[in-house]
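Summary of the model geometry
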Amino acid sequence: MKFLLLHISFEKRLSRLIEKLEKALHQSHDDDDRVVLFSTGSILHLRNQTKIAEFRKRDELELTESLLTLSEKFNCTFIVAPIVLKRGKVVRAFSLVVSPNNVERIESPYYALMNGRHKVKTEPLNLGNIKVSIIIDEDIYLPELSVIHTINNRRRILLFFPGIGLNYESYIKMFEARILENKAPGIFVGGIVNVGHDILV
C-alpha cells in the first residue's frame, strides 16, 4: 500500500478540484492500492482568531459522490479532512474516508467534547493489512486519545490533519511527541489556503 500526499489548494468548485485530483492520480504512475491524502484547509488559525470555513450538507454530499466516482475509477482510497459542519453554535469536524463502494465519516473527538458529547469512535481505521489513526487539528492535544492510540498500536500509522496557519511549530512538536509515545510512523498532512491576497501553506 502506498500513500499519495497531495499539497493542493482545496476548491469548493468541485469541477476544479476533481480536475486537480485526476491529474495528480494520472501523474503518480501507480496502478493500485493507493491511499490519497489531502487537506480541505477548513480550519484556519490566524493571529488573533480561529476561522472556520464550513461545509454545507450539500457540499459534503457532492464531494463524497465525486470522490466515490474517482476511487472506483482509480481503485484508490481517499482520506480528506477536516470537513466542518455547523448547526447554530454547534461545530462538528470529521474526516471523510472514501474507497470503492464504501464511505465512512470519522468524527474529531475534540470537537465532539466541545459539543458536550463524549462517545466518539477512537479505534484505528483498517486499511488492508495496516491501521491508521486520524488526528484532526486540536485532537493532537488530547492526552487520553494518545493513550487509546498507544493501546491499539499494531502496524499502525498516525495521520495528522492540522488547522492551517500560525500554529505549525507547536503542531509539529506535539505530533513528534505523539509519534514517540505511540512508537508509530506518522504523516503530517499540510495544505494550502488562499486568504485574501495571502497564501497560507
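About the thresholds
Residues numbered from 1 in each chain as written. Predicted model: local features only at pLDDT ≥ 70, side-chain atom pairs only at ≥ 80, totals over all residues. Heavy atoms only, no water. pLDDT = per-residue confidence, 0-100. Helix = DSSP H or I, 4+ residues; strand = E, 2+ residues; numbered from the N terminus. Expected span 1.5 Å × (residues − 1). Pairing = 2+ DSSP bridges. Axes fitted to C-alpha atoms, helices over the stretch in contact; angles between N-to-C directions. Core = buried A, V, L, I, M, F, W, Y, C linked by side-chain atoms within 4.5 Å. Buried < 20%, exposed > 50% of the residue type's maximum accessible area, 1.4 Å probe, protein only. Contact = heavy atoms within 4.5 Å. Salt bridge = Lys/Arg side-chain N within 4 Å of Asp/Glu carboxyl O. Parallel < 35°, antiparallel > 145°, perpendicular 65-115°, else oblique. Left-handed = near helix turned anticlockwise from the far one by under 90°. Nonpolar A, V, L, I, M, F, W, Y, C, P; charged D, E, K, R; others polar.

It is worth spelling out the confidence of the model for the protein chain at this point. Here the protein chain averages 81 in pLDDT, while 80% of its residues score no lower than 70. Here strand β14 (residues 198–200) stands out as the element of the protein chain with the lowest mean pLDDT, 53, in contrast to strand β12 (residues 186–188), whose mean of 92 is the highest.

It is worth spelling out helix α5 (residues 168–182) at this point. In this model, α5 (15 residues) spans 21 Å end to end at C-alpha, consistent with the 21 Å of a helix rising 1.5 Å per residue. In the stretch just after α5, Lys183 is the one whose phi turns positive, near 50 degrees.

Below, the discussion takes up the sheet that holds strand β10 (residues 156–161). The mixed open sheet is built from 4 strands, whose spatial order is β8-β9-β10-β12. With one partner strand each, in any of the chains shown, β8 (125–127) and β12 form the two edges of the open sheet. Looking at each pair of strands side by side, their axes are set apart by 25 degrees on average, direction ignored. Bridge analysis of β8 against strand β9 (residues 130–136) gives 3 bridges, and the strand direction is antiparallel.

Moving on to the nonpolar core. Counting 25 residues, the largest nonpolar core has Leu6, Leu17, Leu21, Phe38, Leu63, Leu67 and Phe78 as the members making the most contacts within it. Elements supplying a minimum of two residues to this core: α1 (14–27), β2 (34–39), α2 (57–74), β5 (76–87) and β6 (90–99). The contact partners of Leu63, leaving out residues within four places of it in the chain, are Phe10, Leu14, Leu17, Phe55, Ile83 and Leu96. Grouped together as the second largest cluster of nonpolar side chains are 17 residues, Val35, Val97, Leu125 and Ile134 included.

Once that is clear, we can look at the pattern of salt bridges. Evaluation of the coordinates by the stated rule reveals 7 salt bridges. The salt bridge involving Glu19 is made with Arg16; its shortest N-O contact spans 3.4 Å. Separated by 3 residues within a single helix, Glu19 and Arg16 lie in helix α1, roughly one turn from each other. A relative accessible area of 26% places Arg16 in the partly exposed class. A salt bridge links Arg92 to Glu107; the nearest nitrogen and oxygen atoms lie 3.2 Å apart.

Across the interface, α1 lies against α2 with an axial gap of 11 Å and an inter-helix angle of 20 degrees. The angle between the axes of α1 and α2 places the two elements in the roughly parallel class. Crossing of α1 against α2: the hand is right-handed. From α1, Leu14, Leu17, Ile18, Leu21, Glu22, Leu25 and His26 reach across to α2, where they touch Glu62, Leu63, Ser66, Leu67, Leu70, Lys73 and Phe74. Counted by class, the contact of α1 with α2 contains 9 nonpolar, 2 polar and 3 charged residues.

The next thing to look at is the sheet that holds β6. Ordered by their spatial adjacency, 5 strands build an open sheet running β1-β2-β5-β6-β7, and the pairing between neighbours is mixed. The sheet is open, and its two edges are formed by β1 (2–5) and β7 (102–107), each paired on a single side. If you compare each strand with its neighbour and ignore which way they point, the axes differ by 25 degrees on average. Bridging between β6 and β7 involves 6 bridges; their strand directions are antiparallel. Its bridge partner lying in β7, Ser99 is registered against Asn102. Contacting β1, β2 and β5, α1 runs over the sheet at an angle of about 140 degrees to β2. In the packing of α2 onto the sheet, contacts are made with β2, β5, β6 and β7, and the angle to β5 comes to roughly 180 degrees.

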